[in-house]
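Architecture and fold: a report
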Amino acid sequence: MADCDADPGITSWARRYTQNPERFESQLAAAAPRLAYVQQIASRHHVAGEFALLPWVESQYRPVLGGKNAPAGMWQIMPTTATALGIRVDKNFDGRLDVPAATDAIMALLSRYHDDLGDWRLVDYAFNAGEFGVKRMVSQHGTPPDEPVVPKMPVKAVTREHLVKLLAIACVIREPERFNVSLPSLPSDQRLVAVSIDSSMPIAHAANHAGMSSDELKDLNAAFRNGMVDSHASPYLLLPSGHAQQFRNSLLAGGDDANANVPGTAVIPPLGATLAGATDDISTSKQHAATGQTHTVKSGESLWSIARRYSVDVKQLQQWNHLQNSGVKPGQVLKISTPG
């Protein structure tokens, strides 16, 4: 989207973010593993790279716990939105804090918004204010011109500022030297991977297997609410790659079964590479679903978690099963691949 000088508000917010360079660099370093993970999923959905930075605007990538009728997770998803996206939220599990599932759902949503609206600025407005209101505005006023960069449409000030904030953090990532900050490097052992699990266990046991503290593991897997890693609610744990193999080996040594999705050849670009227009070289696993295989949906499963289990794409599952959205029900039988 727009560069730093396209609107005075962009540079103003960029300077506010970086007014204490050391603090900003520390905050960005803490967010870097999640940011890089989100960047991969944004690329997979062909979403503009700036939107990998949306959680900075929403929560600075923190796993924010939501109260009753309040937003939660780093994406700050409302309960009603979670229901519409097929994200499980109950007393034992809050899928809004499930980084892989929530991020995939949000990126699919943003991609659909762009298909409908054709303008990434309007996509941000829709994310903040709701798609139907933005669609009504477009039908009344038309698609806004390229300038001014922040469209002069009848939206609330907070919605307009939301776009400015997103463009501002993207500005800092594009031109860090302009604001006297440095972008953190992300060591390969800190990059996040999803590790498949086949059985439930206490969080403390999972942390011990991974060689992490319970608090560290809980921070990355905050969706589990009752001290248990419930494999029926989510068939994976999110772990730093440096701990993923240890987790898998420890489970195997103990007689448990786990299959770690630890990419050996994935190339994750440095922070800002996507924003700078670099080619995304992230490798993706080959689809290897068995011919004609089916899956019966269990309580708490989502289309995303099923797709993850069988290493297929959510859109493929929707196509094979003629699904109009990502909602599935317990007992529903899904085709995992087309016969032939």
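Up top you'll find the structure we're talking about.
Residues numbered from 1 in each chain as written. Predicted model: local features only at pLDDT ≥ 70, side-chain atom pairs only at ≥ 80, totals over all residues. Heavy atoms only, no water.

Once that is clear, we can look at the nonpolar core. Buried together is how nonpolar side chains tend to be arranged in soluble globular proteins. Grouped together as the largest cluster of nonpolar side chains are 106 residues, with contacts concentrated most on F51, W75, L110, I169, L217, L237 and F247. Each residue touching L217, except ones within four places of it in the same chain, is listed here: I203, A206, A207, A210, M212, L237 and L239. (Core = buried A, V, L, I, M, F, W, Y, C linked by side-chain atoms within 4.5 Å. Buried < 20%, exposed > 50% of the residue type's maximum accessible area, 1.4 Å probe, protein only. Contact = heavy atoms within 4.5 Å.)

Moving on to the state of the cysteines. All chains considered together, the criterion is met by one disulfide. The disulfide that involves C4 links it to C171, with 2.1 Å between the sulfurs. Sign of the S-S torsion, about 110° for the bond between C4 and C171, identifies this disulfide as right-handed. One end of the pair, C4, is in the segment before α1 (8–17); the other, C171, is in helix α8 (residues 157–174), with 167 residues separating them in the sequence. Here C4 and C171 have matching classes, each one buried. (Disulfide = S-S within 2.5 Å. Helix = DSSP H or I, 4+ residues; strand = E, 2+ residues; numbered from the N terminus.)

The next point concerns the packing of helix α5 (residues 99–117) against helix α7 (residues 131–141). α7 packs onto α5 with a crossing angle of 15° between their chain directions and a minimal axis gap of 11 Å. If you check the angle between α5 and α7, you find them roughly parallel. Here α5 runs over α7; the crossing is right-handed. Mapping the contact onto sequence places R112, Y113, D116 and L117 in α5 and E131, V134, K135 and V138 in α7. Residues of the contact of α5 with α7, tallied by class, amount to four nonpolar, no polar and four charged. (Axes fitted to C-alpha atoms, helices over the stretch in contact; angles between N-to-C directions. Parallel < 35°, antiparallel > 145°, perpendicular 65-115°, else oblique. Left-handed = near helix turned anticlockwise from the far one by under 90°. Nonpolar A, V, L, I, M, F, W, Y, C, P; charged D, E, K, R; others polar.)

A few words now on the environment of K335. In this fold, K335 is placed in strand β6 (residues 333–335). On the basis of relative accessible area, K335 is assigned to the partly exposed category, the value being 41%. With 19 residues separating them in the primary sequence, K335 and Q316 have C-alpha atoms 9.9 Å apart. Excluding residues within four positions of it along the chain, K335 makes contact with Q293, T294, L317, W320 and N321.

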